[in-house]
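One letter stands for each residue in the lines below.
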Amino acid sequence: MADKQDLYPGNEVYNYVASKIHWLENAEPAEAKANLALLRRAAGKQLSEVPDVWGMVLEELPDSLLRNTRGPSAAEEAIFLSLKNYGMAMQGHEAKSDSVQEKGVSLGAAAGLYSKKYGEEESRIFLRLKKVVVSDSLAALEVPLRSMIKLMSHEPIKMDYAKLAEDLYEYSFPKGRERVRLKWARDYYRTIRASEKKEKDDTAKQDSGEQKKTSE
């Protein structure tokens, strides 16, 4: 029997959230600010409890992502959770000129960037990431995820919130959950290694330049 996840294309979740972020970033400043504030106020709430954001989350949602008529679908929950965190991360930022959206940067990679800055062992972000990945549902990971995003948004460290939605959607299914956990872990350590390599290369170039000047 096929995994239920196969019935829900994750790329549609990604494209939908990417389009919503694009819309928010290109709206009139006052409208964007108001909508982002609505998303922030939805933190910790169910989609059914916040009609003010229904349009942002549900308008133009493809029929293929509306599979469960008795409650929110996995796609709706992932989209809503991602947009709430995007709204929170955007606090204090201008949507058009200072977006926190960065295509291709996963949650694990963003956490790696934070840990690299503060040191892996001392980093508060890794403790939060561990709390996220031991959660067995989106509802369970919402609080530690929000804590991660808040921490990173002060730096600021940008992230792909459309990719977050796609990962969260996949995380909703048991088989997908294991894949996403491993993907975030790989991205975390890969980012740290890449940063360390860049530092070494920069140092080597600087030393080489100084030696050249000395020889001249």
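Cut-offs and rules
- Residues numbered from 1 in each chain as written.
- Predicted model: local features only at pLDDT ≥ 70, side-chain atom pairs only at ≥ 80, totals over all residues.
- Heavy atoms only, no water.
- 1 Å grid on protein atoms, 1.4 Å probe; cavity = no way out; pocket = protein on both sides within 12 Å on 5 of 7 lines; lining within 4 Å.
- Points joined across faces, edges and corners; volume = space filled by probe spheres on them.
- Helix = DSSP H or I, 4+ residues; strand = E, 2+ residues; numbered from the N terminus.
- Buried < 20%, exposed > 50% of the residue type's maximum accessible area, 1.4 Å probe, protein only.
- Polar contact = N/O pair within 3.5 Å; in protein donor to acceptor, adjacent residues only side chain to side chain.
- Contact = heavy atoms within 4.5 Å.
- Axes fitted to C-alpha atoms, helices over the stretch in contact; angles between N-to-C directions.
- Parallel < 35°, antiparallel > 145°, perpendicular 65-115°, else oblique.
- Left-handed = near helix turned anticlockwise from the far one by under 90°.
- Nonpolar A, V, L, I, M, F, W, Y, C, P; charged D, E, K, R; others polar.
- Core = buried A, V, L, I, M, F, W, Y, C linked by side-chain atoms within 4.5 Å.
- Expected span 1.5 Å × (residues − 1).
- pLDDT = per-residue confidence, 0-100.

## Regarding empty space enclosed by the protein
- Applying the stated criterion across every chain yields a total of 1 cavity of 30 Å³ or more.
- There is about 40 Å³ of room inside the largest cavity.
- In terms of lining residues, the largest cavity is bounded by Ala43, Gly44, Leu81, Lys84, Asn85, Met88, Glu142 and Arg146.
- Broken down by secondary-structure element, the contributors of at least two residues to the lining of the largest cavity are helix H4 (74-89) and helix H7 (138-153).

## Quick notes on the side chain of Ser99
- Checked against the element boundaries, Ser99 lands in the loop between H4 and helix H5 (107-118).
- We classify Ser99 as buried; its relative accessible area is 12%.
- Separated by 2.2 Å, the side chains of Ser99 and Glu25 make a polar contact.
- With residues near it in sequence (within four places) discarded, Ser99 still touches Glu25, Tyr86, Met90, Glu94 and Lys158.

## A few points about the packing of H7 against helix H8 (residues 161-171)
- Running from amino to carboxyl end, H7 crosses H8 at an angle of 155 degrees, the nearest separation of the two axes being 12 Å. Considered as vectors, H7 and H8 are oriented roughly antiparallel to each other. Helix-helix and strand crossings are classified by hand; for H7 and H8 the assignment is right-handed. Contact residues: H7 offers Leu138, Leu141, Leu145 and Ile149, while H8 offers Tyr161, Leu168 and Tyr171.
- By residue class, the composition of the contact of H7 with H8 is 7 nonpolar, no polar and no charged.

## Digging into the nonpolar core
- If you look at the biggest cluster of nonpolar residues, it comprises 62 residues, and the most contacted ones within it are Val53, Ile79, Leu107, Ile149, Met152, Tyr161 and Leu168.
- Considering each element in turn, this core owes the most residues, 10 residues, to H4.
- Apart from the residues within four sequence positions on either side, Leu168 is in contact with Ala78, Leu81, Ser82, Leu138, Leu141, Leu145 and Trp184.

## Remarks on the layout of surface pockets
- Estimated volume of the largest pocket: approximately 360 Å³.
- Elements that contribute at least two residues to the lining of the largest pocket include exactly H4 and H7.
- Tallied by class, residues from the lining of the largest pocket come to 7 nonpolar, 4 polar and 6 charged.
- Looking at the second largest pocket, its volume works out to about 220 Å³.
- For the lining of the second largest pocket, a count of residues per class yields 6 nonpolar, 3 polar and 4 charged.

## Re helix H1 (residues 10-26)
- Its 17 residues place the ends of H1 25 Å apart at the C-alpha level, agreeing with the 24 Å of an ideal helix rising 1.5 Å per residue.
- Taken as a whole, H1 has its buried residues at Gly10, Val13, Tyr14, Tyr16, Val17, Lys20, Ile21, Leu24 and Glu25.
- Buried residues belonging to H1 abut helix H2 (29-41), helix H3 (54-58), H4 and H8.

## A look at the environment of Gly119
- By secondary structure assignment, the location of Gly119 is in the loop between H5 and helix H6 (124-133).
- With 73 residues separating them along the chain, Gly119 and Ile192 place their C-alpha atoms 9.7 Å apart.

## Thoughts on H5
- Across its 12 residues, H5 extends 17 Å between first and last C-alpha, which sits within 8% of the 16 Å expected from 1.5 Å per residue.
- If you check which residues of H5 are buried, you get Leu107, Gly108, Ala109, Ala110, Ala111, Gly112, Tyr114 and Ser115.
- Where H5 ends, the next residue or the one after it, Gly119, has phi of about 95 degrees, a positive value.

## Overview of the confidence of the model for the chain
- On average, residues of the chain carry a pLDDT of 86, and 83% of them reach 70 or more.
- Confidence, read as mean pLDDT per element, is least for helix H9 (residues 174-215) in the chain (73) and greatest for H8 (97).
- The low-confidence segment residues 1-8 (pLDDT under 50) makes 14 contacts with residues lying over four places distant or belonging to another chain.

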